[in-house]
Amino acid sequence: MIAYLKRFILPNCKLDKFGRVQKQFCRNDSSESSTKILEHLKDKSLLRLRGNEASTFLQGLITNDMRHFEDGAANVYALFLNTKGRVMYDVIVYRSQEENVYYIECDSQAVDPLQKHLKMYRVRRKIDIDHLGDDINVWAFFDPTQCMNNKPSESRQKLEGLIFPCGTLDNKVSKIVENIMIYQDPRASDLGIRILADSNIDRNQIVKQLNTDIVESVDNLSYRAFRYKLGIAEGINDLPPGKPLPLEVNCDYLHGVSFHKGCYIGQELTARTYHTGVVRKRLMPLLFEQVPNKSFSYDDKILNEAGNVVGKFRGIENKHGLGLMRITESLNAQSLSISGNELKISKPAWWPHEAQTQGISVKK
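Computed from a prediction, not measured in an experiment: that's the story for all the values here. (Residues numbered from 1 in each chain as written. Predicted model: local features only at pLDDT ≥ 70, side-chain atom pairs only at ≥ 80, totals over all residues. Heavy atoms only, no water.)

Another point: the overall build of the protein chain. Regarding its fold elements, the protein chain presents nine helices and 15 strands. Relative to its 364 residues, the protein chain shows a buried fraction of 55%. Long-range pairs, those at least 24 residues apart, make up 72% of the contacts in the protein chain with a sequence separation of at least 6. Summed over its atoms, the accessible surface of the protein chain is roughly 17,100 Å², and 44% of this surface lies on carbon and sulfur atoms. (Helix = DSSP H or I, 4+ residues; strand = E, 2+ residues; numbered from the N terminus. Buried < 20%, exposed > 50% of the residue type's maximum accessible area, 1.4 Å probe, protein only. Contact = heavy atoms within 4.5 Å. Areas by Shrake-Rupley, 256 points an atom, 1.4 Å probe, with all protein chains shown as cover.)

The structure is reproduced here in structure tokens:
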């Protein structure tokens, strides 16, 4: 099964009547083709929901709006919250070609508790909730040059407003061929695409379908380091269940929360923050001057030159890290450090233009 996303795979190529790329029409640009990376995300698993009430069931549990699928969306990013409004699990929900069937991608360490969570709220609904185990693998296909200089690309759409409605990215294109599914990442265009492929399909078969030059990595840039360079969290290591708040982890900027749908678990705090509060802290990318020779713990303090706490550590991969930062204080700091290690921060290029100014008020 394959969903061809011309915008992110081969924007300068033409497709034949079978949806395959015609090689003679491809532009040979070595600067682009030499940097695309295909990585098997071994820390990802899939749940499959089947049943006539599957969409309604998820509607009452996730931050996003399942009605986007009725408008043609192929997938959506969403969070499961606890009753206190804290993030439990971050997921991507995919629409299957089968009617009333959805795939839920989540962290492999979270798949069992998430399945248990879903079954607890299923009650008497006729819904099957299956863990697919090793049947389907999750891959990421991305272009690391998108964030090399942390500058907005010319093709990136301009978003409007401070809090953004989910589902605004063009993620409606899909085709299915040969047990490979390719979807645009619903969070941000720079993240590229997600690939769901049967486990018996190897890397070379996927590369053949993509029909482009792919390298293992660029300067040891893994998908995790790539995400950190963009300032995007994913999985329970970055988002420990029961700790993060949705807006502080940029769920609104990543098209993952609806402020117009009906009630869902944990909605009250998020809605109250949206209507009356100010988001003063958000996840931001960290860049270390050199790879630290010591490990850091979640919530380790990030200090400015005066020794004041302006952020808390979230994760690191090589020189790239992630921190929950007080936006104004950290951007105005002359220097930043954690346990004696110097670092820098930057505003993500994919943040909406209004968010580039200080304050980041939730409500104008």
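One finds L196, L286, I302 and L343 to be the most contacted residues of the largest nonpolar core, which totals 59 residues. Sort the elements by how many residues they give to this core and helix α6 (residues 223-230) lands first, with five residues. Formed by 28 residues, the second largest nonpolar core is a distinct cluster that contains L58, I62, I104 and A110. (Core = buried A, V, L, I, M, F, W, Y, C linked by side-chain atoms within 4.5 Å.)

Right, let's get into a positive patch on the surface. On the surface, R280, K301, K312 and R326 cluster together into a patch of positive charge. Looking at where K301 falls in the secondary structure, it is placed in strand β11 (residues 301-304). Assessed through its relative accessible area of 53%, K301 is described here as exposed. (Patch = residues over 30% accessible without salt bridge, like charges linked within 9 Å, V, L, I, M, F, W, Y side chains within 5 Å. Salt bridge = Lys/Arg side-chain N within 4 Å of Asp/Glu carboxyl O. Lys, Arg positive; Asp, Glu negative; His and termini not counted. Charge placed at Lys NZ, Arg CZ, Asp CG, Glu CD.)

Our focus in this paragraph is the packing of aromatic side chains. Counting across every chain of the model gives nine aromatic pairs. Each ring, one from Y223 and one from F226, has its centre 6.3 Å from the other, and the planes form 35°; the classification is tilted. Separated by three residues within a single helix, Y223 and F226 lie in helix α6, roughly one turn from each other. Each member of the pair, Y223 as well as F226, carries the same accessibility label: buried. Aromatic rings pair up to connect F142, Y223 and F226 into one cluster. Over the ring of Y77 we find R187, and its NZ or CZ is 5.7 Å from the ring centre. Over the face of the ring belonging to Y253 we find R282, whose NZ or CZ atom lies 3.9 Å from the ring centre. (Phe/Tyr/Trp six-rings, centres within 6.5 Å; stacked < 30°, edge-to-face > 60°. Lys NZ or Arg CZ within 6 Å of the ring centre and 35° of its normal.)

What follows covers the sheet that holds β11. Taken together, the six strands give a closed barrel; going around it, the order is β10-β13-β12-β11-β14-β15, and neighbouring strands pair in antiparallel fashion. Each neighbouring strand pair of the sheet contributes to a mean axis angle of 40°, computed without reference to strand direction. Summarising the sheet, strand β12 (residues 309-317) and strand β13 (residues 320-326) pair through six bridges and their orientation is antiparallel. Of the residues in β13, the one forming a bridge with F313 is G323. Where α6 meets the sheet, its contacts fall on β10 (281-288), β12 and β13, and the angle it forms with β12 comes to roughly 155°. (Pairing = 2+ DSSP bridges. Axes fitted to C-alpha atoms, helices over the stretch in contact; angles between N-to-C directions.)

Let's shift gears to the environment of Y223. Judged by its relative accessible area of 2%, Y223 falls in the buried class. Sequence separation between Y223 and L41 is 182 residues; the distance between their C-alpha atoms is 8.3 Å. Those residues in contact with Y223 that lie beyond four places of it in its chain are E39, L41, A140, F142, D185, R187, L191, R194 and E234. Within the local environment of Y223, its side chain forms a polar contact with the side chain of R194, the two groups lying 2.7 Å apart. (Polar contact = N/O pair within 3.5 Å; in protein donor to acceptor, adjacent residues only side chain to side chain.)

So, on to unusual backbone geometry. For N100, which is not a glycine, the phi torsion comes out positive at approximately 60°. Positionally, N100 belongs in the loop between β4 (87-95) and β5 (101-107). With phi around 80°, D299 is a residue other than glycine that occupies positive phi space.

So, about the sheet that holds strand β1 (residues 37-40). With antiparallel pairing, the four strands of this open sheet are ordered in space as β1-β7-β9-β8. Strand pairing shows two members of the sheet lacking a second neighbour, β1 and β8 (180-184), which therefore form its edges. Shown here is a sheet whose adjacent strand axes are inclined to one another by a mean of 25°, direction ignored. Across five bridges, the pairing between β8 and strand β9 (residues 193-198) is antiparallel. Looking at the pairing, Q184 lines up with I193 of β9.

Take the pattern of salt bridges next. Scanning all chains against the criterion turns up 15 salt bridges. For D185, the salt bridge goes to R194, with nearest N and O atoms at 3.6 Å. On the accessibility criterion, D185 (0% relative accessible area) is buried. In this structure R194 comes out as buried when scored by relative accessible area, which is 1%.

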